[in-house]
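Survey of secondary and tertiary structure
Here's the letter readout for the chains.
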Amino acid sequence: MNRVKQLVHAENVYRMGYTGKNIRVVTLDTGVYLHPDLRQNVVGFLDFVAMKRACYDDNGHGTHVGGILCANGRMKGMAPQAQLIALKVLGKDGGGQTERVIRGLQWVLAHHKELGIRILNFSVGFLPGALDREQKQIMELLEQLGDDGVTVVTAAGNNGPGAGTVTAPGISRKVITVGASDDRSSPGERRGGYSGSGPTGCCIMKPEILAPGTNIVSLDHHGALYSRKSGTSMATPVVCGALALALQKNPKLRPEELKLKLYESARKETGMSMAWGVLDVDNLLALV
């Protein structure tokens with residue numbers, strides 16, 4: 001994570017004391033394992049798969065995402081004092097029923113105000129076989145959350161780099177869609193990169209913002225171990241953590257205002273043809 005923080009220019013923010021303290025973020029994923037580096041940050045857990053009460057993650061994806069976002073131990077995530085509510089909507093294989101995602105989103109829509117949820121991390125693309133009506137319902141729920149004050153951040157998907165490869169629901173104009181800034185430059189990644197690219201069918205530029213997503217070391221779902229994963233799923237919580245820092249500094253910011261600040265603060269790099277640019281955390285915090 002130190003490497004990631006350097007790449008997104010997150011240096012001054014921590015010296016100034018910003019940690020994402022008390023900013024609540026919800027993840028819809030494979031659950032969360034109470035890793036020693038994350039245990040103190042988890043303030044809620046719901047299981048829409050097996051209906052268990054105790055926190056668990058039988059895949060590891062959700063714990064890895066949660067660690068990038070707000071680990072606060074030997075490893076420190078982007079916002080080490082943010083609070084995490086983990087909704088398990090995906091099973092052991094990382095897949096599942098679209099209906100579980102819908103029920104999770106309905107729960108967030110019903111309870112986000114009373115629980116103070118400010119950000120939703122959605123490192124999930126539509127599941128194979130999802131019906132058109134289910135896809136439409138998920139898009140509508142995410143857009144309702146945005147209208148209701150929750151900043152929704154989604155992954156661009158790993159089907160790139162060709163045009164029109166952003167995974168739904170990242171195609172929605174109301175969400176912030178995140179691609180991987182390092183998918184074309186790291187050893188072992190397939191030539192040309194994997195990060196989904198726009199434009200969408202409605203000619204909307206996607207993804208809006210890029211962040212590191214390749215070979216990211218975060219929390220494993222066994223013991224006190226760490227593991228390495230790649231994908232736009234890993235880039236998404238980097239951005240969510242940065243937004244938690246911004247909301248700690250200025251809690252009054254609405255989703256559309258945060259999105260504008262991301263646009264104004266993004267760092268354009270040589271040869272970049274998609275997105276506004278790469279996340280620059282110090283620039284972002286200076287603007288909010």
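Everything that follows concerns the structure shown earlier in this document.
My aim in this report is to walk through the structure given alongside it, one point at a time. Computed from a prediction, not measured in an experiment: that's the story for all the values here. (Residues numbered from 1 in each chain as written. Predicted model: local features only at pLDDT ≥ 70, side-chain atom pairs only at ≥ 80, totals over all residues. Heavy atoms only, no water.)

Each helix and strand in the protein chain was counted, giving eight helices and 10 strands. The C-alpha radius of gyration computed for the protein chain amounts to 17 Å, which stays within 12% of the reference 19 Å derived for 288 residues, consistent with globular compactness. For the C-alpha atoms alone, the extent of the protein chain along its principal axes is close to 50 × 45 × 40 Å. Looking at the protein chain residue by residue over its 288 residues, the buried ones come to 59%. Once local pairs closer than 6 in sequence are excluded, the contacts in the protein chain between residues at least 24 apart make up 76%. Within the structure as shown, the protein chain displays about 11,900 Å² of accessible surface, and the carbon and sulfur contribution to it stands at 49%. Side-chain charges in the protein chain split into 33 positive and 26 negative, and the spacing between the mean points of these groups amounts to 3 Å. (Helix = DSSP H or I, 4+ residues; strand = E, 2+ residues; numbered from the N terminus. Rg over C-alpha atoms; globule rule 2.2 N^0.38 Å. Buried < 20%, exposed > 50% of the residue type's maximum accessible area, 1.4 Å probe, protein only. Contact = heavy atoms within 4.5 Å. Areas by Shrake-Rupley, 256 points an atom, 1.4 Å probe, with all protein chains shown as cover. Lys, Arg positive; Asp, Glu negative; His and termini not counted. Charge placed at Lys NZ, Arg CZ, Asp CG, Glu CD.)

Formed by 52 residues in total, the largest nonpolar core has its most connected members in Ile 119, Val 239, Leu 243, Leu 279, Val 281 and Leu 285. Here this core takes 11 residues from helix H6 (residues 232-249), the largest share from any one element. Apart from residues no more than four positions distant in its own chain, Leu 279 is found in contact with Val 8, Ile 209, Leu 210, Val 238, Val 239, Ala 242, Leu 262 and Arg 267. (Core = buried A, V, L, I, M, F, W, Y, C linked by side-chain atoms within 4.5 Å.)

Another point: the pairing of strand S4 (residues 117-122). Of all six residues making up S4, six are buried, and the element is well covered by its neighbours. Strand direction decides the pairing type here: strand S1 (residues 24-29) and S4, joined by four bridges, are parallel. By the bridge assignment for S4, Arg 24 is matched with Ile 117. Here S4 runs beside strand S5 (residues 151-155); their pairing, made up of four bridges, is parallel. Along S5, the bridge assignment pairs Phe 122 with Thr 154. (Pairing = 2+ DSSP bridges.)

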